[in-house]
Amino acid sequence: ETGVTQTPRHLVMGMTNKKSLKCEQHLGHNAMYWYKQSAKKPLELMFVYNFKEQTENNSVPSRFSPECPNSSHLFLHLHTLQPEDSALYLCASSQGPGNYGYTFGSGTRLTVV
Amino acid sequence: LAKTTQPISMDSYEGQEVNITCSHNNIATNDYITWYQQFPSQGPRFIIQGYKTKVTNEVASLFIPADRKSSTLSLPRVSLSDTAVYYCLVGNTGRRALTFGSGTRLQVQP
């Protein structure tokens, strides 16, 4: 357990489904992130939140919708996804959005069918 | 953000010392150097961070020369469980999030 908890660990969804990924941290961190990691590819930064405010959106399609109700919780709402969106989705948190030590969760393995 | 270059892969044997070098020629004055380790289907794990000279913790050492244009992660006496991808990142404690490159895939053989 790293201190960042992601649920669910695995998710299979159809292209017309709506689902949400959840991330929770109780490390007292102020910044939270969503990263996507496709097979054999580097991690791609998706969204950054600092003190609940979105500070970066890395040109992510609108079928991915993040939500950060407080500094401890981060959601990624998914709708009308494509098979190429299948990947490992990782949440991370840190003291701030720069080069502080990031703590990652174990990820959600998403398969879109 | 400073661009980093590191070998795509490395092979080693159990018990050996492994040194992974990262080049970051355009590192800025206020940038720190950070290394992460990632096992398959898991999130990266913070290993070590430094600014200059040498930093050591219970897991690894980080060597940074005076010009800071490169850095070397040293893993003493590796074991099979050190087989992973290692990422070198450079950035400051500002507002921009870290961007991960392709990393170095270390394979430790028995």
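Residues numbered from 1 in each chain as written. Chains lettered and ligands numbered in written order. Predicted model: local features only at pLDDT ≥ 70, side-chain atom pairs only at ≥ 80, totals over all residues. Heavy atoms only, no water.

(A) Molecular detail of the side chain of S38 of chain A. Take S38 of chain A: it is sitting in the loop between β4 (31–37) and β5 (44–50). Discounting residues that sit within four places of it in the chain, S38 of chain A has contacts with E44, S86 and A87 of chain A. (Helix = DSSP H or I, 4+ residues; strand = E, 2+ residues; numbered from the N terminus. Contact = heavy atoms within 4.5 Å.)

(B) Looking closely at the interface of chain A and chain B. Residue-level contacts link 22 residues of chain A with 25 residues of chain B. Buried surface at the junction of chain A and chain B, summed over both partners, amounts to about 1,700 Å²; 50% is from carbon and sulfur atoms. Among the residues of chain A in contact with chain B, L43, N99 and Y102 of chain A are the three that bury the most area, contributing 34% of the side total. Summed over the shared surface of chain A and chain B, the number is 1 salt bridge. Across the chain A-chain B interface, the total number found is 13 residue pairs in polar contact (both at pLDDT 80 or more). Its residues placed into classes, the side of chain A that touches chain B shows 12 nonpolar, 8 polar and 2 charged. (Buried area = accessible area lost by both parts, 1.4 Å probe. Salt bridge = Lys/Arg side-chain N within 4 Å of Asp/Glu carboxyl O. Polar contact = N/O pair within 3.5 Å; in protein donor to acceptor, adjacent residues only side chain to side chain. Nonpolar A, V, L, I, M, F, W, Y, C, P; charged D, E, K, R; others polar.)

(C) Geometry of the sheet that holds strand β5 (residues 53–56) of chain B. All names here are of chain B. Pairing within the open sheet is antiparallel, and its 4 strands lie in the order β2-β7-β6-β5. Two strands bound the open sheet, and with one partner strand each, they are β2 (18–23) and β5. If you compare each strand with its neighbour and ignore which way they point, the axes differ by 15° on average. In this sheet, strand β6 (residues 61–64) lies alongside β5 in antiparallel orientation, the contact comprising 4 bridges. Counted as the bridge partner of K54 is F63 from β6. (Pairing = 2+ DSSP bridges. Axes fitted to C-alpha atoms, helices over the stretch in contact; angles between N-to-C directions.)

(D) Here's a closer look at the state of the cysteines. Residue and element names in this part refer to chain A. Across all of its chains, the model carries 2 disulfides over all chains by this definition. Covalent S-S linkage joins C23 and C91, the inter-sulfur distance amounting to 1.9 Å. Around the S-S axis, the bridge from C23 to C91 shows a dihedral of about -75° and counts as left-handed. Of this pair, C23 sits in strand β3 (residues 18–25) while C91 sits in strand β9 (residues 87–94), placing them 68 residues apart in sequence. Judged by its relative accessible area of 0%, C91 falls in the buried class. No disulfide involves C68; its nearest neighbouring cysteine sulfur is the one of C91, lying 9.0 Å away. By relative accessible area, C68 is classed as buried at 11%. (Disulfide = S-S within 2.5 Å. Buried < 20%, exposed > 50% of the residue type's maximum accessible area, 1.4 Å probe, protein only.)

(E) Layout of the packing of aromatic side chains. Throughout the structure, instances matching the rule amount to 13 aromatic pairs over all chains. Ring centres of Y35 of chain A and F100 of chain B lie 5.6 Å apart, and the angle between their planes is 90°; on these two criteria the pair is classed as edge-to-face. Here Y35 of chain A is found in strand β4, whereas its partner F100 of chain B is found in the loop between β8 (84–91) and β9 (104–109) on a different chain. Ring pairing ties together the aromatic residues Y33, Y35, Y102 and F104 of chain A together with Y36, F46, Y87 and F100 of chain B, which thus form one cluster. Stacked on the ring of Y51 of chain B, the Lys or Arg R68 of chain B has its end atom at 3.9 Å from the ring centre. (Phe/Tyr/Trp six-rings, centres within 6.5 Å; stacked < 30°, edge-to-face > 60°. Lys NZ or Arg CZ within 6 Å of the ring centre and 35° of its normal.)

(F) Highlighting the pairing of strand β7 (residues 64–70) of chain A. Residues and elements named next belong to chain A. Note: β7 against strand β8 (residues 73–79), 5 bridges, orientation antiparallel. Note on β8: the bridge partner recorded for N70 is H73. Hairpin connection from β7 to β8: 2 residues lie between these consecutive antiparallel strands.

(G) Spatial organisation of unusual backbone geometry. In this structure, P8 of chain A follows T7 of chain A across a cis peptide bond, with omega equal to -10°. In the Ramachandran plot, F51 of chain A falls in the positive-phi region, its phi being about 50° despite a non-glycine side chain. Within the secondary structure layout, F51 of chain A lies in the loop between β5 and β6 (53–57). Positive phi outside glycine occurs at R77 of chain B, with the angle close to 50°.

(H) Up close: the environment of Q37 of chain A. Take Q37 of chain A: it is sitting in strand β4. A residue is classified by how much of its surface remains accessible, and Q37 of chain A, at 11% relative accessible area, is buried. Separated by 17 residues in sequence, Q37 of chain A and S20 of chain A place their C-alpha atoms 17 Å apart. If we skip the residues at most four places from it in the chain, Q37 of chain A touches P42, L43, A87, L88 and L90 of chain A together with Q38 and Y87 of chain B. A polar atom in the side chain of Q37 of chain A sits 3.4 Å from the backbone oxygen of K41 of chain A.

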